Amino acid sequence: MSDGKDESFGGFDGDEAFSYGGDEADVCEGREEKQERNGRDQSKNKNRDRLKRFAERLKLALGKAARAFRDALFPPDITCDVCGEELTAQTRYRLCAECTEQLPRVGEHVCLVCGAPITDEADYCIRCQYEESAFLKNRSPLVYDGKARELIHKFKFGGKKYIAQTLGAMMADEYLKRGMHAEIAAIVPMTHAEEKSRGYNQSELLANEIADRLKLPLLPALVKTKDTASQKKLTGKERAQNLKDAFTCTYIQVKGRKVLLIDDVFTTGATANACAEALIKAGAREVCVLTAAVTKRKIPVESNDGKTAI
Ligand SMILES: [Zn+2]
Ligand SMILES: [Zn+2]
């Protein structure tokens, strides 16, 4: 301490000046008083230091507790599933504000069958005007485009299994929002070879999340018995042909039940249709489909054989 007050301790001060020039007894008394006062001041200083140290320790401890509390509410290692930015506030889905805003969502007006957004006042998209489906309807929270495509690619091909939580939460919300009702949930299965090559079945991960949230019993009702070529470059009809008899339903529990079929993306509907056919064949009363994203419907073009391709 370098302030004047502290420097005066043990040195020449006013009290000493006052006692200077008195008799010896007075001098001794002055010294004793001074020693006593010094002792008091020193112990006061010690107490003050102890209090200061205690306050500092308390401040550190409170800071630590506050951080622990904040971290419990908003864990620091939780990042946006799309862009990887750290999330600084609690969010309904694990997405930052920017990605939430940019995520293409299916609006209010959708095709009554496939759930694709349609802009006009029609009830059905072009696909569903021309095609019969074994399932009653599909509903998806997202349009398979932009950041939604990015998110699903990370989940499906990038090994980011944890994304099932975000997508599953969105799908469960969509199910409730659209007033869907099912008695059991079923997964779009993969063959052993397909699952081995990817390491996991993305539909199963989504189905686990959704069944938990909606309290639906989840059954491995379907089995994929035929390895099918990649569907990516096939047209709707080719996809349907590719998937013909690829699935069988082995569970008697589906009989008379309303089944919710869960998958990642609804593209042409060929997979959903093949699965729904197998479930209906096994006695399911009704099959509805819930997918994370639905592709936009394309404008119909005339194909070489004069038929309308979608
Ligand atoms: Zn983000
Ligand atoms: Zn449609």
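Residues numbered from 1 in each chain as written. Chains lettered and ligands numbered in written order. Predicted model: local features only at pLDDT ≥ 70, side-chain atom pairs only at ≥ 80, totals over all residues.

A. The confidence of the model for the protein, seen in detail. In the predicted model, the protein carries a mean pLDDT of 83, and 82% of its residues have values of at least 70. For the stretch residues 1-22, pLDDT sits under 50, and the model shows 13 contacts to residues farther than four places along the chain or on other chains. (pLDDT = per-residue confidence, 0-100. Contact = placed C-beta atoms within 7 Å.)

B. Structural detail: the packing of helix α10 (residues 236-243) against helix α11 (residues 270-281). Contact pair α10 / α11: the axes reach a minimum separation of 9 Å and the direction vectors enclose 35°. When the axes of α10 and α11 are compared, the crossing they make is right-handed. Taken together, the residues of α11 that come into contact with α10 (itself represented by Gly236, Arg239, Ala240 and Leu243) are Ala270, Thr271, Asn273 and Ala274. Its residues assigned to classes, the contact of α10 with α11 comprises 4 nonpolar, 3 polar and 1 charged. (Axes fitted to C-alpha atoms, helices over the stretch in contact; angles between N-to-C directions. Helix = DSSP H or I, 4+ residues; strand = E, 2+ residues; numbered from the N terminus. Left-handed = near helix turned anticlockwise from the far one by under 90°. Nonpolar A, V, L, I, M, F, W, Y, C, P; charged D, E, K, R; others polar.)

C. A look at the pairing of strand β7 (residues 258-266). Within β7, 7 of the 9 residues are buried, which leaves the element mostly enclosed by the surrounding structure. Strand direction decides the pairing type here: strand β3 (residues 184-187) and β7, joined by 4 bridges, are parallel. The partner of Ile184 across the bridge, within β7, is Val259. Pairing geometry for β7 and strand β8 (residues 286-294), over 8 bridges, is parallel. Among the inter-strand pairings, Leu261 is bridged to a residue of β8, identified as Val289. Traced from β7 through α11 to β8, the parallel crossover comes out right-handed. (Buried ≥ 20, exposed ≤ 12 C-beta atoms within 10 Å, placed from the backbone. Pairing = 2+ DSSP bridges. Right-handed = clockwise from strand over helix to strand, strands pointing away.)

D. Expanded view of the environment of Lys160. The residue Lys160 is located in the loop between α6 (146-156) and α7 (163-177) in this model. With near-sequence residues (within four places) excluded, Lys160 lies in contact with Lys154 and Phe155.

E. Representation of the nonpolar core. Core analysis: the biggest nonpolar cluster contains 67 residues, and Leu261, Ile262, Cys275 and Leu279 have the highest contact counts within it. Elements represented by at least two residues in this core include exactly α6, α7, β3, α9 (202-214), β6 (247-249), β7, α11 and β8. Formed jointly, this core draws a minimum of three residues from each of two domains, domain 2 (74-103) and domain 3 (108-309). Leaving out residues up to four positions away in the same chain, Cys275 has contacts with Val188, Leu222, Phe247 and Leu261. (Core = buried A, V, L, I, M, F, W, Y, C linked by C-beta atoms within 7 Å. Domains from an automatic or database assignment.)

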